[in-house]
Amino acid sequence: MATTPARGTDPAGRTTTAWGTTTAWGTTTARGTTTARRTTTAPAVRRGGRPRGGAAARMLAAAQAVAAVVVLARLARGRRRLPPLTAPAPERPPGTGDGASRGGGGAAPDGVAGASPEGRGRAGGGESPGVGGSPESGGPAAWIGRGGTPGGGSPEISVVIPARDEERRLGPCLRAVLADPAVTEVIVVDDESSDGTARLAAACGATVVRGRPLPEGWVGKQWALHQGLREARGEIVVTLDADTRPRPGLFGALAAALGHHDLVSAGPRFVCDGLAEQALHASFLATLVYRFGPIGPPAPPPPHRVVANGQCLAFRREAMRRADGFARVRGHMTDDVALARALAADGWRVGFLDAGGLLEVDMHESAAEVWREWGRSLPLRDVTRPAWQAADLAVVWLAAALPALRLAAGRPTRLDLALLAVRVLLATALRRSYTRPGAGVMLSLLLDPATAVRLTQATLRPVRIWRSRAYGLGRPGCADAVTCGARPGPPDRNAAR
């Protein structure tokens, strides 16, 4: 601010000087005051009083728009998914009419396929791929008959369960498997357990294979499955984790699905108790959908984008032996996806099908375990190229985490609101993935930023510890050293089921 003189003439003709004030920020001229105006440029303002961002903000907005398009394109695949697995229709004896069938002649109880040994597990009456079909139509039932008796009997099904310190939760799985008449034999591979896993399996009636010491370069689960496959006698082999709970008809449905696929992976319903555990689990599950789309795509993805669920796999025994599948992925922590991608690259038809009506899984005991264990494996770091890892993380951050963060800050953009609406719709759809869906599924979007942090952390600093074994961090994908640590505590919640 400066004071300047202003000269003028009064009515009598005399010259006068008026002292006025010149302001740098500008005022209007009034009564002897000379004002020097200086024009300043104010920042452009958006509607709502928010300043426009610079180049970085525009680039972020463009990247988020691209991520939104990618997510919408992947979610759109869900409109044309393959039908879910369903239990095969009961086999009716030849010459039995509808009336006799309704009267109970030859029908298996509870909808389980085939009451007689000749007809057990045989599919019939379905309309969708992998679910049913008739011998005349050349569907799955016709394929099943080709491997059985001349009259069209069902194939033998071997179930292989790798188990390491699973005494507390193996029982429900074994009881359900042994009760299914479609199963020919049940093999439990005791992977050097320190508890009563082998004793429990034998008492239930399963064949127990004492696992040999873990060789160098192998991860424990692949080694156990490799040994179980060598012992299996069935034409079809189904592998199950100890925390699975199969329902009647699962194995017949898997056998039928092998009429259209070479490797079938089943997507279960999840058991999650507690608000925090279900919310965090659903948030992690949403990241899989954002990265790979819903399960059951009608057209197979390229081999490097194939995904699978190792909790339940089905394949033909001799084909897997020839491929030596488990040995090929012996050093991978993400063994299921590694196996599916390796076989898909060989030309195998890999199907990832919804089996929520026939299979339940109780994976974790708490939200902390979901964070630690599922967050460790979901980045798929050892089976995904770095460029795809970066792209997948970018989609999760831009399409899921960023809108939730801006909503929490009270500054969401229109695109953020649109993405949040999409996320709410996805959460609604994901309710069907849980046995007892609660508020946690809908609240899961609030945990998307934390989930993105966990995926990023596990990608940058992978953990190679599983079932009390720490695997060496040498060449990626190779477990070149193994050390044993403390055994995990017993899963009390699973033991009650």
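Structure first, text after, so check above.
Thresholds applied
- Residues numbered from 1 in each chain as written.
- Predicted model: local features only at pLDDT ≥ 70, side-chain atom pairs only at ≥ 80, totals over all residues.
- Heavy atoms only, no water.
- Pairing = 2+ DSSP bridges.
- Helix = DSSP H or I, 4+ residues; strand = E, 2+ residues; numbered from the N terminus.
- Axes fitted to C-alpha atoms, helices over the stretch in contact; angles between N-to-C directions.
- Contact = heavy atoms within 4.5 Å.
- Phe/Tyr/Trp six-rings, centres within 6.5 Å; stacked < 30°, edge-to-face > 60°.
- Buried < 20%, exposed > 50% of the residue type's maximum accessible area, 1.4 Å probe, protein only.
- Expected span 1.5 Å × (residues − 1).
- Bend = angle between axes of the 7 residues up to and from the residue.
- Core = buried A, V, L, I, M, F, W, Y, C linked by side-chain atoms within 4.5 Å.

Draft legend 1. Up close: the sheet that holds strand β9 (residues 269-270). Strand order across the open sheet formed by 3 strands is β7-β12-β9, with mixed pairing between neighbours. Every other strand in the sheet has two partners, leaving β7 (244-246) and β9 as the edge strands with one partner each. Bridge analysis of β7 against strand β12 (residues 359-361) gives 3 bridges, and the strand direction is antiparallel. Across the sheet, residue T244 finds its bridge partner in β12, namely V361.

Draft legend 2. Looking closely at the sheet that holds strand β5 (residues 207-210). Judged by pairing direction, the sheet is mixed, and its 7 strands sit side by side in the order β5-β4-β3-β6-β10-β8-β11 without closing on themselves. Of all strands in the sheet, those bounded by a partner on one side alone are β5 and β11 (350-354). Between one strand axis and the next, the sheet turns through 20° on average, direction left out of account. Strands in contact with helix α7 (residues 250-257) are β3 (157-163), β6 (236-240), β8 (263-267), β10 (312-316) and β11; relative to β6, the strand with the most contacts, it is inclined by about 125°.

Draft legend 3. Quick peek at the packing of aromatic side chains. Evaluated as defined, the whole model comprises 5 aromatic pairs. Where W218 meets W223, the ring centres are 5.2 Å apart and the plane angle is 65°; that geometry is what we call edge-to-face. Side by side, W218 and W223 carry an identical accessibility label, which is buried. By the ring-pair criterion, three or more aromatic residues cluster together here, those being F270, F284, W374 and Y434.

Draft legend 4. Helix α13 (residues 386-409), seen in detail. With 24 residues, α13 should cover 34 Å at 1.5 Å per step; its first-to-last C-alpha distance of 32 Å lies within 8% of that length. Residue A401 marks the point of greatest curvature in α13, where the axis turns by about 40°; the proline P403 follows within four residues. Of the residues making up α13, those classed as buried are Q389, D392, L393, V395, V396, L398, A399, A400, A401, L402, P403 and A404. Buried residues belonging to α13 abut α1 (55-76), α8 (275-292), α14 (414-430) and α16 (448-460). Immediately beyond the C-terminal end of α13, within one or two residues, lies G410, with a positive phi of roughly 75°.

Draft legend 5. Just the nonpolar core, in detail. I161, V238, L240, F251 and L254 are the most contacted members of the largest nonpolar core, which has 34 residues in total. Counting only elements with at least two residues in this core, the list comes to β3, α4 (170-178), β4 (185-190), β6, α7, β8 and β10. When residues in this core are grouped by element, the largest group, 6 residues, is from α7. Sequence-distant contacts of L254, defined by excluding residues within four places in its chain, comprise L85, V238, V264, A266, C312 and A314. Within the second largest apolar cluster, 33 residues are counted, among which are V71, F284, V396 and L402.

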